[in-house]
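A look at the structure
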Amino acid sequence: MKQMLEYVHGNSLIHRLNPLTKLIFAVVTCVACFIGSNHLFLLGILLFTIIIAGASGILGRAAGVYKALFILGLFLMLFQLLFTPQGRILFYILPGVPVTDIGLGFSSLLMLRMMAALAPLSLMLMLTPMNELLTAMTHNLKVPYRYAFAVVTALRFIPAFSREMDQIMQAQRSRGHETDTRNPIKKIRVIIPMCIPLLISSVRKVETMAISLETRGFCTGPRSCRKKLGFTLFDILAIILVMAALPVSIIIG
Amino acid sequence: MIRFNDVSFSYENSDEMAVRNINAHIGRGEFVGIIGPSGAGKSTLLSMINGVIPHFYKGDFYGEVLVCGRDTVESTCGKLSHHVGSVFQDPESQIVSTVVEDEIAFGLENFNIPAGEIEARLAEALRMAGIEHLRHESTAALSGGQKQRVTIAAAIALRPEILVLDEPTSQLDPRGSRQVFTTLRQLNREYGITIIIVEQKVMLLSEFCSRLMVMEKGRIIMDGPTRSVLEHNDRLLELGINCPRIVTLTKLLKNASLWSGGYPVDVDEAETVVRGIMEGTHDQYQEPELSIQ
Ligand SMILES: Nc1ncnc2c1ncn2[C@@H]1O[C@H](COP(=O)(O)OP(=O)(O)OP(=O)(O)O)[C@@H](O)[C@H]1O
Ligand SMILES: [Mg+2]
């Protein structure tokens, strides 16, 4: 989970794209995934994201993301299967719980859609430094700095939380609490008591951070920007390529 | 530059005064160390200089604090940030960016400094804090000590008139702590930046600070030139502050009537004292005046 949203430093052609291009890529593919209801199209998008991860040299880190998405997707699929009794019965998972052809088609589509829609978003975050994302939002999209900063900071806090969670888990483990369990119900029972220290420490963290912002002139007036981010020919080509996914998704629909 | 006029403060939902009856004046270009046991109110005192109290932490505020001629109650944290740079106790949560260089540029961008100058100041701050090699690192992946250096670099890049630092070397090794103090001394001497630092390592304070404040239970109980404060090593020891060994040594020499001068503040001076005694020609240090409240 913690690698899902964290920037991985690199210097590939894709890393050097304008952050806006990457943002467009994430949003457009995500939207296309919801328009297109075709297994092959979604699979194609998924494959496309894997190619991008490979081309930018972060396949190793991205593999963890795909694995997490796959597991999540599998749960979603199973759930959907159980609640779609329409169609021709193919086989029974449990006595009295049939799997139908419509159910299978529908639930696998759901799984693919979930994976194909989230993969580009997480890829975008892994390939764009937060600061550049911030610049793209404020300068190109004209989002007020205050709000753009809030969004980016919220994104940044997710891996920080998960790191903190790991730390608390380790602390509990060293005190003899059993935390490693595959049983999801037990896991929840283990996690709940940790939420309170996590909550307290994060409230304190947010407070210190707010103070740190205040004492460094956050939003006290006009703001300068260190990096100028330009569009290159490669950006334009990439945007055209990504935009093409939209009409395709509508045609295949 | 900074003036406390009979200042007392208690945090809201706490009936005890965190600091009480503070009267002090800190002039331009001073290098002040603050020391005292946990809960003595050191961080509270610093928070009154950068305006975090009363603008962020609310409570009962008595007296007045003047920073660069402005009453902090009437100013804002944002306005004061143009004069006062701050480094807080917890290095982790005061970092607001994901990459080291962005963290240091953050304040500069907020102050609307042009891009070219940001680059120059960024490079200088990285060099002064000794973290040039960390420039492109992710802030989340740094060690505690490295994070502390980043927060110091971010503060010095702003070139404030006043720099307040709350235990900025707590997670650094002895060598790293020394480097930080050396950097601060350089800032103090070259740019005339007034430095106020809370620190537990008394040896470093005694060597680098020109003035020492000792706090206990919300009060400043001693305030004066470092040398004179250190003479009260019995009192300091009662507070759990271990005096530098050279001070203890000098005390022993004094008790044995071998030495009647002032206290040395670093090893070189101590050496002079001991050599002086051995050669029987001790030239004495002047004892500056000390105020004890
Ligand atoms: N945010 C707060 N809310 C309420 N009380 C506080 C708050 N911060 C500090 N205090 C109280 O104010 C007193 C002084 O605290 P302060 O943090 O200034 O001490 P300190 O000298 O910095 O200690 P340390 O060496 O542990 O950092 C303590 O009694 C503390 O409990
Ligand atoms: Mg403190």
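No experiment lies behind these values; they were computed from the predicted model shown.

Of regular secondary structure, chain B possesses twelve helices and eleven strands. Taken against the 2.2 N^0.38 rule, which gives 19 Å for 293 residues, the C-alpha radius of gyration of chain B at 20 Å falls within 12% of a compact globule. Counting only residues that meet the buried cut, chain B has 57% of its 293 residues in that class. Long-range pairs, those at least 24 residues apart, make up 64% of the contacts in chain B with a sequence separation of at least 6. Roughly 12,400 Å² of accessible area belongs to chain B as shown, and the carbon and sulfur atoms make up 48% of that amount.

This paragraph deals with the overall build of chain A. Along chain A, the regular secondary structure elements total nine helices and two strands. Start at the N end of chain A and walk to the C end: the helices and strands fall as α-α-α-β-β-α-α-α-α-α-α. Its C-alpha atoms put chain A at 65 × 55 × 30 Å along the principal axes. The proportion of buried residues among the 253 residues of chain A is 44%. For chain A, the proportion of contacts with a sequence separation of at least 24, taken over those separated by at least 6, is 72%. Per element, the accessible surface of chain A, about 13,900 Å² overall, is 71% carbon and sulfur.

Turning next to the coordination of the magnesium ion (ligand 2). Every protein donor of the magnesium ion (ligand 2) is listed here as Ser43(B) (OG) and Gln89(B) (OE1), and their distances to the metal cover 1.8 to 2.5 Å. Linking Ser43(B) in helix α1 (residues 42–49) with Gln89(B) in the loop between β6 (84–87) and α4 (100–110), this pair joins segments that are 46 residues apart in sequence.

Moving on, we come to the site of ligand 1. Residue and element names in this part refer to chain B. Close to ligand 1 lie 13 residues; Ser 38, Lys 42, Ser 43, Thr 44 and Gln 89 are nearest. At 2.4 Å, a side-chain N or O of Thr 44 approaches an oxygen atom of ligand 1. Compared with its free state, where it exposes 630 Å², ligand 1 has 64% of that area covered by protein. A total of three residues in the shell around ligand 1 trace back to one element, the largest contributor, which is α1. Residues belonging to the shell around ligand 1 are distributed by class as follows: five nonpolar, six polar and two charged.

For the rest of this paragraph, the subject is unusual backbone geometry. All names here are of chain B. The step from Ile 53 to Pro 54 runs through a cis peptide bond, and the omega angle for that step is 10°. Among the secondary structure elements, Pro 54 is positioned in helix α2 (residues 52–55). Notably, Cys 68 is not glycine yet its phi reads approximately 50°, a positive angle. Along the polypeptide, Cys 68 turns up in the loop between β4 (59–67) and β5 (70–71). Accessibility expressed as a relative area gives 21% for Cys 68, which makes it partly exposed. In this model, Asn 112 sits at a positive phi of 60°, which is unusual for a non-glycine residue. By the element assignment, Asn 112 lies in the loop between α4 and α5 (115–128).

Moving on, we get to the domain arrangement of chain A. For chain A, the domain assignment lists domain 1 (19–128 + 229–252) and domain 2 (138–215). One C-alpha centre belongs to domain 1 of chain A, the other to domain 2 of chain A, and the line joining them spans 27 Å.

This brings us to helix α12 (residues 267–279) of chain B. Residue and element names in this part refer to chain B. Its 13 residues place the ends of α12 18 Å apart at the C-alpha level, agreeing with the 18 Å of an ideal helix rising 1.5 Å per residue. Of all the residues in α12, the buried ones are Glu 269, Ala 270, Val 273, Gly 276 and Ile 277. In an axial view of α12, the angular spread of the buried residues amounts to 125°, which keeps them on one side of the axis. Turned more than 90 degrees from where α12 packs its buried face, Val 267, Asp 268, Met 278 and Glu 279 sit exposed.

This part takes up helix α7 (residues 174–190) of chain B. Residues and elements named next belong to chain B. Relative to the 24 Å expected for 17 residues at 1.5 Å per residue, α7 spans 24 Å between its end C-alpha atoms, a close match to the ideal helical length. Those residues of α7 lying buried are Gly 176, Ser 177, Val 180, Phe 181, Thr 183, Leu 184, Leu 187 and Asn 188. For α7, the angular spread of buried residues about the axis comes to 155°, placing them on one side. Of the residues in α7, the exposed ones pointing more than 90 degrees away from the buried face are Pro 174, Arg 175, Arg 189 and Glu 190. Structurally, α7 contributes buried residues whose contacts are with β3 (31–35), α5, α6 (144–157), β7 (162–166), β8 (194–198) and α8 (202–208). After α7 finishes, the residue Gly 192 shows a positive phi value of roughly 65°.

Further remarks concern the sheet that holds β4(B). Residues and elements named next belong to chain B. Strand order in the open sheet made by the four strands is β2-β1-β4-β5, with antiparallel pairing throughout. Bordering the open sheet on either side are β2 (19–26) and β5, each of which pairs with just one other strand. Note: strand β1 (residues 2–11) against β2, five bridges, orientation antiparallel. Across the sheet, the residue bridging to Val 7 is Ile 22, located in β2.

Moving on: the pattern of salt bridges. Counted by the stated rule, this structure contains 21 salt bridges over all chains. With a closest N to O distance of 4.0 Å, Lys201(B) and Glu199(B) form a salt bridge. The class for Lys201(B) is partly exposed, based on a relative accessible area of 29%. Between Arg227(B) and Glu269(B) there is a salt bridge, with the nearest N and O atoms lying 2.7 Å from each other. With Arg227(B) in helix α9 (residues 226–230) and Glu269(B) in helix α12, the pair connects residues that are 42 residues apart, well separated along the chain. Its relative accessible area of 18% is what places Glu269(B) among the buried residues. Bridged by salt links that share partners, the residues Arg226(A), Lys227(A), Glu101(B), Asp102(B), Glu119(B) and Arg135(B) form one connected network.

What counts and what doesn't
- Residues numbered from 1 in each chain as written.
- Chains lettered and ligands numbered in written order.
- Predicted model: local features only at pLDDT ≥ 70, side-chain atom pairs only at ≥ 80, totals over all residues.
- Heavy atoms only, no water.
- Helix = DSSP H or I, 4+ residues; strand = E, 2+ residues; numbered from the N terminus.
- Rg over C-alpha atoms; globule rule 2.2 N^0.38 Å.
- Buried < 20%, exposed > 50% of the residue type's maximum accessible area, 1.4 Å probe, protein only.
- Contact = heavy atoms within 4.5 Å.
- Areas by Shrake-Rupley, 256 points an atom, 1.4 Å probe, with all protein chains shown as cover.
- Donors = N, O, S within 2.8 Å, 3.2 Å for Na, K, Ca; no water.
- Near = heavy atom within 4 Å.
- Polar contact = N/O pair within 3.5 Å; in protein donor to acceptor, adjacent residues only side chain to side chain.
- Nonpolar A, V, L, I, M, F, W, Y, C, P; charged D, E, K, R; others polar.
- Domains from an automatic or database assignment.
- Expected span 1.5 Å × (residues − 1).
- Arc of directions from axis to C-beta.
- Pairing = 2+ DSSP bridges.
- Salt bridge = Lys/Arg side-chain N within 4 Å of Asp/Glu carboxyl O.

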